[in-house]
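# Structure at a glance
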Amino acid sequence: MSASLDRFHAVIPAGGVGARLWPLSRADSPKFLHNLSGQGATLIQETVTRVRPLVGDRVLVVTGARHAQEVRAQVPDLGAHDVLIEPTPRDSMAAIGWAAAVLEARDPDAILGSFAADHVVQGQAAFERVIGEALTLAADNWLVTIGITPTHPATGFGYIQAGRAVAGAPSARHVRQFVEKPDADHATAYLATGEFLWNAGMFVVRAGRLLDLLAREHPDFAATLRELAREPERLAELWGQLPKIAIDHAVAEPAADEREVVVVPADFGWDDVGDFAALRTILAAPGTEPVVLGPQAMVEALESTGLIVADSGRTIAVLGLADIIVVDTPDAVLVTSAERAQDVKALVEHLRARGRSDVL
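The notes below deal with the structure included here. (Residues numbered from 1 in each chain as written. Predicted model: local features only at pLDDT ≥ 70, side-chain atom pairs only at ≥ 80, totals over all residues. Heavy atoms only, no water.)

## Concerning the overall build of the protein chain
In plain terms, the rule: Counting from the N terminus, the helices are the DSSP runs of H or I reaching at least four residues and the strands are the DSSP runs of E reaching at least two. The globule rule used for comparison is 2.2 Å times the number of residues to the exponent 0.38, while the radius of gyration itself is calculated over C-alpha atoms. Whether two residues touch is decided by their heavy atoms; if any such pair falls within 4.5 Å, the residues are in contact. For the accessible areas, the method is Shrake-Rupley and the probe is 1.4 Å, while residue cover comes only from the protein chains on display. Positive charge is attributed to Lys and Arg, negative charge to Asp and Glu, and no charge count is given to His or to the chain ends. Charge coordinates come from a single atom per side chain, which is NZ of Lys, CZ of Arg, CG of Asp or CD of Glu.
Each helix and strand in the protein chain was counted, giving twelve helices and 17 strands. The C-alpha radius of gyration computed for the protein chain amounts to 21 Å, which stays within 12% of the reference 21 Å derived for 360 residues, consistent with globular compactness. With the C-alpha coordinates aligned to their principal axes, the bounding extent of the protein chain is approximately 60 × 50 × 35 Å. The long-range fraction of contacts in the protein chain, counting pairs at least 24 apart against all pairs at least 6 apart in sequence, stands at 65%. Carbon and sulfur atoms provide 50% of the accessible area of the protein chain, an area that totals close to 15900 Å². The centroid of the 31 positive side-chain charges in the protein chain is displaced by 3 Å from the centroid of its 47 negative side-chain charges.

Spelled out as C-alpha cells, the structure:
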C-alpha cells in the first residue's frame, strides 16, 4: 500500500447549501463552514484534519466562488493550486471530475479519494484502516466506495447492496446496486437481509479510471473536463457546458451494472448531518436534554427536550415542549419539531417562492 499511498490525493467537494439546516446554514455560509460537531472546528476543518495522515499536503478542495475566500481562511495551509473554484454549481460529477482531470494531468497514476466537506466521522483509526483497504483496491483499477454498517433503518440515506466477497481483500464486496433513499418499510426490509450498507458518498479510484468510466456514458463530459485541465484559462468558457449530474448517476451506478464497483464496509461513526434531528443525535450526551449548540448560558429550558441552537446572543427560554427544534440566528428564527426536521427544506423553498432572499 505504501507505493499507492504516495500517489493518493484527497479531493474535498465543498458545495451545497444545507437547506435542511436553515437558518444556521445559508447560501453564503453553508454547513461545512460551521462548527456542528461541538469539537471546536468547522466541518471542512475536521475533514482536512481527518485525511492529512493519509495524504499529507495532497489535498484538493473544490468549492464555489462565493465560498473560496472563507475556505482559504479556515484552511490556511492549502497551497495556491489546492483550491479549484467553480464559477457556478454543477453537482458532484463536475466537481469531482474536474479534480480528477487536474490530478491526472499532474500524475497519470494519481489515485483520489473523494470526501465530502460536510460529513461527521468518528473513529480515526477505523477510518484510516478502511481507506487503506480501498486504496489497495483502487490501485488494481476498481472503483471503490465506502459503505457504512447501518445501525437503524434510516430513510435519509441512500443504500448500497453488497454481493460476493472480493478475492484477496480483507472485507470488500462487489456492489450489486445503489439504491435511492427508501421509505421506512423498504429500509427495514433492507436491514433484514444483512446485505445493505448506507451510502456515505465516498469514492476511491484512479483519477484516469474515473474519467474513463465517465467517458463511456458521457464522452463529451469527460473530454471537456480533460480539456479544462489542460487549458484552465478556458474555465469561464467550458464550465457552463458541463452537465448537472451526481457522480452516483453519472458513473457509480452504470459501473456497478458492469460489476466494476466494490464496497468496503465501514464500522466508524458517520453522519451527513442532513437535518437538525441528525445534528441532535451527533451532539447528544447521555442524560442531557435539551441538546444545546452554542453558549449554554443563553438557554433556559424546563421540562423540555430537543435541540436548541443559540446563535444570536439572545436568551432562549423553552417550557414544557418535547422534541422541539429551536434555531435562533440574528435575522431568522426556526421553531419546529424533530419529527418535521426533514421538511425544513420545503420551508426554505417556500421562502424562496415568496421572494425572501434576505434570509436565504
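## What about the packing of helix H7 (residues 207–217) against helix H10 (residues 247–257)?
What counts here: Orientation is described by axes fitted as lines to C-alpha atoms, over the contacting stretch for helices, and by angles from 0 to 180 degrees between their N-to-C directions. An angle below 35 degrees is treated as roughly parallel, one above 145 as roughly antiparallel, one from 65 to 115 as roughly perpendicular, and anything else as oblique. Asp, Glu, Lys and Arg are counted as charged, while Ala, Val, Leu, Ile, Met, Phe, Trp, Tyr, Cys and Pro are counted as nonpolar; the rest, among them Gly, fall into the polar class.
Where H7 contacts H10, the two axes come as close as 9 Å, and the packing angle between them is 90°. In terms of their interaxial angle, H7 and H10 are classed as roughly perpendicular. Residues Leu-210, Leu-213, Leu-214 and Glu-217 of H7 lie in contact with H10, whose contacting residues are Ile-247, Ala-250, Val-251, Pro-254 and Ala-255. A breakdown of the residues in the contact of H7 with H10 according to their chemical character gives eight nonpolar, no polar and one charged.

## A short note on the packing of aromatic side chains
The following threshold applies: Each pair of aromatic rings taken from Phe, Tyr and Trp, with Trp reduced to its six-membered ring, is defined by centres within 6.5 Å and is described as stacked if the planes are under 30 degrees apart, edge-to-face if over 60, and tilted in the remaining cases. Relative accessibility under 20% of the residue-type maximum defines a buried residue, over 50% an exposed one, and the middle range a partly exposed one, all with a 1.4 Å probe and only protein chains included.
Applying the stated criterion across every chain, the model contains eight aromatic pairs. Between the aromatic rings of Trp-98 and Trp-239, the centroid separation amounts to 5.1 Å while the plane-to-plane angle is 55°, which identifies the pairing as tilted. Highlighted residues: Trp-98 in helix H4 (residues 92–106) and Trp-239 in helix H9 (residues 235–239), separated in sequence by 141 residues. For the pair Trp-98 and Trp-239, a shared accessibility class is recorded, and that class is buried. Geometrically, the ring pair formed by Phe-157 and Trp-198 is edge-to-face, given 4.8 Å between the ring centres and 65° between the ring planes. Taken as a pair, Phe-157 in the loop between strand S6 (143–148) and strand S7 (159–165) and Trp-198 in strand S9 (residues 196–206) lie far apart in primary sequence, 41 residues in all. In textbook terms, an aromatic cluster arises when at least three aromatic residues are bridged by ring pairs, as seen for Phe-115, Phe-127 and Phe-268.

## Points about the nonpolar core
Condition: In plain words, nonpolar cores are sets of buried Ala, Val, Leu, Ile, Met, Phe, Trp, Tyr and Cys residues tied together by side-chain atoms within 4.5 Å.
Ranked by internal contacts, the top residues of the largest apolar core, which has 50 residues, are Phe-8, Ile-44, Phe-127, Ile-146, Met-202, Phe-268 and Trp-270. Counting residues per element, the ones that place at least two in this core are strand S1 (8–14), helix H2 (43–55), strand S2 (59–64), helix H5 (124–139), S6, helix H6 (184–193), S9 and strand S10 (261–266). Considering each element in turn, this core owes the most residues, eight residues, to H5. Setting aside residues no more than four positions away along its own chain, Phe-127 makes contact with Arg-50, Val-51, Leu-54, Phe-115, Val-121, Met-202 and Phe-268. Judged by nonpolar contacts, the second largest core, of 47 residues, contains Ala-101, Leu-143, Phe-221 and Val-263.

## Some remarks on the layout of surface pockets
Put simply, the rule is: Only protein atoms enter the calculation, which uses a 1 Å grid: trapped sets of points that fit a 1.4 Å probe without letting it out are cavities, open sets showing protein on both sides within 12 Å along at least five of seven lines are pockets, and any residue with an atom within 4 Å of a point is a lining residue. Grid points are joined across faces, edges and corners, and a volume is the space filled by probe spheres set on the points.
Taken as a whole, the second largest pocket encloses approximately 630 Å³ of empty space. If you go around the second largest pocket, you meet 28 residues; those closest to its centre are His-152, Phe-157, Asp-271, Ala-278 and Thr-281. Those elements that place two or more of their residues in the lining of the second largest pocket are strand S5 (120–122), strand S11 (269–271) and helix H11 (276–283). The greatest single-element share of the lining of the second largest pocket, amounting to five residues, is contributed by H11. Residue composition of the lining of the second largest pocket, grouped by class: 13 nonpolar, ten polar and five charged.

## Concerning the pairing of strand S14 (residues 306–310)
Quick reminder of the rule: When DSSP finds at least two bridges between two strands, those strands are taken to pair.
For S14, a buried count of five out of five residues is recorded, marking the element as mostly surrounded by other parts of the structure. Along S14, one buried face is formed by Gly-306, Ile-308 and Ala-310 and the opposite face, lined by Leu-307 and Val-309, is buried too. With three bridges connecting them, strand S12 (residues 291–293) and S14 associate as parallel partners. Bridge assignment links Val-291 to a residue of S14, and that residue is Leu-307. In the sheet, S14 pairs with strand S16 (residues 324–328) via five bridges, with the strands oriented parallel. Bridged to Ile-308 within S16 is Val-326.

## Notes on the packing of H2 against H5
How we decide: The crossing is said to be left-handed when, going from far helix to near helix, the turn is anticlockwise and less than a right angle, and right-handed when the turn is clockwise.
Two elements in contact, H2 and H5, have axes whose closest approach is 10 Å; the angle formed by their N-to-C orientations is 50°. Of the possible angle classes, the one that applies to H2 and H5 is oblique. Along this stretch, H2 crosses H5, giving a crossing that reads as right-handed. When H2 is examined against H5, the residues Arg-50, Val-51, Pro-53 and Leu-54 are found in contact with a partner set consisting of Gln-124, Phe-127, Glu-128 and Ile-131. Here the residues of the contact of H2 with H5 sort into five nonpolar, one polar and two charged.

## Structural notes on the environment of Glu-258
Tracing the sequence through the fold places Glu-258 in the loop between H10 and S10. With relative accessibility at 53%, the residue Glu-258 sits in the exposed group. Once the C-alpha coordinates of Glu-258 and Arg-176 are considered, the two residues, 82 residues apart in sequence, prove to be 9.6 Å apart.

## Quick notes on the sheet that holds S14
Pairing is mixed in the open sheet, where four strands are placed in the order S12-S14-S16-S17. The sheet is open, and its two edges are formed by S12 and strand S17 (333–337), each paired on a single side. Here the average twist between neighbouring strands, direction ignored, is 10°. Bridge count between S16 and S17: five bridges; the pairing is antiparallel. By the bridge assignment, Ile-325 is partnered in S17 with Thr-336. Those strands touched by H11 are S12, S14, S16 and S17, and its axis lies near 90° from that of S14.

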